[in-house]
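This is what each chain is made of:
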Amino acid sequence: MRPDLRITAQTVITNETVTVKDFALHDLFSGKLKMMTPLLWLLYIANSIVVFALISWMPTIIESAGFPPKTAAIATTVLFCAAAVGGLVVSQFVDRFGLAIGIVMPAIGIPFVVALGMLGNDVFLLYAVTAMAGFSVLGLQNTLHGVAGAIYPTPVRANGVGWALSVAKIGAIAGPFVGGILMASNASVKELFLAAAIPLVVCIVSAALLRRLYNSHVDSDTAVASPPFEQAGTNL
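Residues numbered from 1 in each chain as written. Predicted model: local features only at pLDDT ≥ 70, side-chain atom pairs only at ≥ 80, totals over all residues. Heavy atoms only, no water.

### Remarks on helix H1 (residues 33-64)
Helix length check: H1 (32 residues) gives 45 Å between terminal C-alpha atoms against 46 Å at 1.5 Å per residue, within 8%. At tryptophan 57, H1 is bent by approximately 55°, the largest bend along its length, and proline proline 59 sits one to four residues beyond. Downstream of H1 by one or two residues, glycine 66 has phi in the positive range, about 110°. (Helix = DSSP H or I, 4+ residues; strand = E, 2+ residues; numbered from the N terminus. Expected span 1.5 Å × (residues − 1). Bend = angle between axes of the 7 residues up to and from the residue.)

### Topic: the environment of leucine 140
Secondary-structure assignment places leucine 140 in helix H5 (residues 123-151). Leaving out residues up to four positions away in the same chain, leucine 140 has contacts with Asn47, Ile101, Gly102, Met105, Pro106 and Phe135. (Contact = heavy atoms within 4.5 Å.)

### As for the packing of H1 against helix H2 (residues 69-91)
Following both chains from N to C, one finds H1 and H2 inclined at 150°, their axes separated by 8 Å at the closest point. Compared by their axis directions, H1 and H2 come out roughly antiparallel. For the pair H1 and H2, the crossing hand works out as right-handed. Packed against H1, whose contacting residues are Leu54, Ile55, Met58, Pro59, Ile62 and Glu63, the element H2 presents Pro69, Ala72, Ala75, Thr76, Leu79 and Phe80 at the interface. Partitioned by chemical class, the residues of the contact of H1 with H2 number ten nonpolar, one polar and one charged. (Axes fitted to C-alpha atoms, helices over the stretch in contact; angles between N-to-C directions. Parallel < 35°, antiparallel > 145°, perpendicular 65-115°, else oblique. Left-handed = near helix turned anticlockwise from the far one by under 90°. Nonpolar A, V, L, I, M, F, W, Y, C, P; charged D, E, K, R; others polar.)

### Focus on the side chain of threonine 76
On the secondary structure map, threonine 76 appears in helix H2. Discounting chain neighbours no more than four positions away, the residues touching threonine 76 are Met58 and Pro59.

### Some words on the nonpolar core
Counting 57 residues, the largest nonpolar core has Leu40, Val113, Leu116, Leu126, Ile151 and Tyr152 as its most contacted members. Going through the elements one at a time, H1, H2, helix H4 (101-115), H5, helix H6 (154-184) and helix H7 (189-219) are the ones with two or more residues in this core. Here the element with the most residues in this core is H1; it accounts for 15 residues. (Core = buried A, V, L, I, M, F, W, Y, C linked by side-chain atoms within 4.5 Å. Buried < 20%, exposed > 50% of the residue type's maximum accessible area, 1.4 Å probe, protein only.)

### Focus on H4
Across its 15 residues, H4 extends 22 Å between first and last C-alpha, which sits within 8% of the 21 Å expected from 1.5 Å per residue. At glycine 109, H4 is bent by approximately 25°, the largest bend along its length, and proline proline 111 sits one to four residues beyond.

### Some remarks on unusual backbone geometry
Even without being glycine, asparagine 186 reaches a positive phi, approximately 65°. Summarising the element assignment, asparagine 186 is placed in the loop between H6 and H7. Residue class for asparagine 186 comes out exposed when judged on its relative accessible area of 68%.

### Focus: the packing of H1 against H5
Where H1 contacts H5, the two axes come as close as 11 Å, and the packing angle between them is 155°. Here H5 runs roughly antiparallel to H1, going by the angle between their axes. For H1 against H5, the interelement crossing comes out left-handed. When grouped by side-chain class, the residues that make up the contact of H1 with H5 number 18 nonpolar, five polar and no charged.

### Considering the side chain of glutamine 141
Residue position: glutamine 141 is located in helix H5. Residue glutamine 141 is classed as buried on the basis of its relative accessible area of 13%. Here serine 48 takes part through its side chain, which lies 2.9 Å from a polar atom of the side chain of glutamine 141. If near-sequence neighbours (up to four positions away) are discounted, glutamine 141 is found in contact with Tyr44, Asn47, Ser48 and Val51. (Polar contact = N/O pair within 3.5 Å; in protein donor to acceptor, adjacent residues only side chain to side chain.)

### Let's talk about the packing of aromatic side chains
Taken as a whole and assessed by the stated rule, the structure comprises four aromatic pairs. When the ring of tryptophan 41 is compared with that of tryptophan 163, the centres are 6.1 Å apart and the planes differ by 20°; the resulting orientation is stacked. Taken together, the positions of tryptophan 41 in helix H1 and tryptophan 163 in helix H6 put the pair 122 residues apart, joining distant regions of the chain. For tryptophan 41, a relative accessible area of 15% corresponds to the buried category. For tryptophan 163, a relative accessible area of 34% translates into the label partly exposed. Ring geometry for phenylalanine 93 against phenylalanine 97: centres 6.1 Å apart, planes inclined by 35°, an arrangement best described as tilted. (Phe/Tyr/Trp six-rings, centres within 6.5 Å; stacked < 30°, edge-to-face > 60°.)

By themselves, these are just geometric observations and shouldn't be taken as functional.
Structure (C-alpha cells):
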C-alpha cells in the first residue's frame, strides 16, 4: 500500500488501538449538520407524502373520475414501472448533479401530478401522465438514499441515512391519511391532485437550501477543517 516506505532493522511497528465512540442522535445535529439534517428529513417527508398518497389512493381516484377498474389497475402498474425506470435513470446522474436532482425531479413532477386531475376520459393520456409522475416523484424517492449518503461523514453515514429513512415514514403515514380526509370531504379529483402536488414545492425548497448549505461548507476553508465534513470532496 505504501511502496515509498522503507523498513529497516531499526523500524518499530506498533499497533494503534482506535476507539470508536458509540453513535448518538445528536451526532446528526452537530456542527454543520445541525441545519442540514432537518432539511434532509423535510425533503424525505415531503416526497414520501406524495409517493404514498399516489400509491394508496390513485386507483380509487381514477375510478371515481369515470375510468373502469381495469384502467385504474393498469395505470397503477405503469406508475410503479416508471418509478423503477426513473430510479435507474436518475441514479446515473446523482454523482454529477447531487442535490440538484432534488430540485429538478419535483419540478418535473408537479405539472404531471396536477395534470392527473385534468385528463378527462383519455386513457392513453392517463397512462402517459401517470408514467411521468411515477418517473419523477417515485424515481426521486429511489435516488434520495444516495444523495443522503453523500451528506454525512463516514462515521455517521449509515445512521444518518437510516434515520432519514425512518423519519420518512411520517410522510408515508401522513400522505394516505390526508388523502383519505380530502376524499371524505368530497374534494374533486382536480383538488385532490392539486393538494398532492403541494409537498413537491416543499421538496424543491428544502433541496435548494440543503444544496446551498452543503456546497458552502465544502467550498469554505472552515468546512474542510471541520470534522463533520472532512470526508466531503465534491459539491452536490
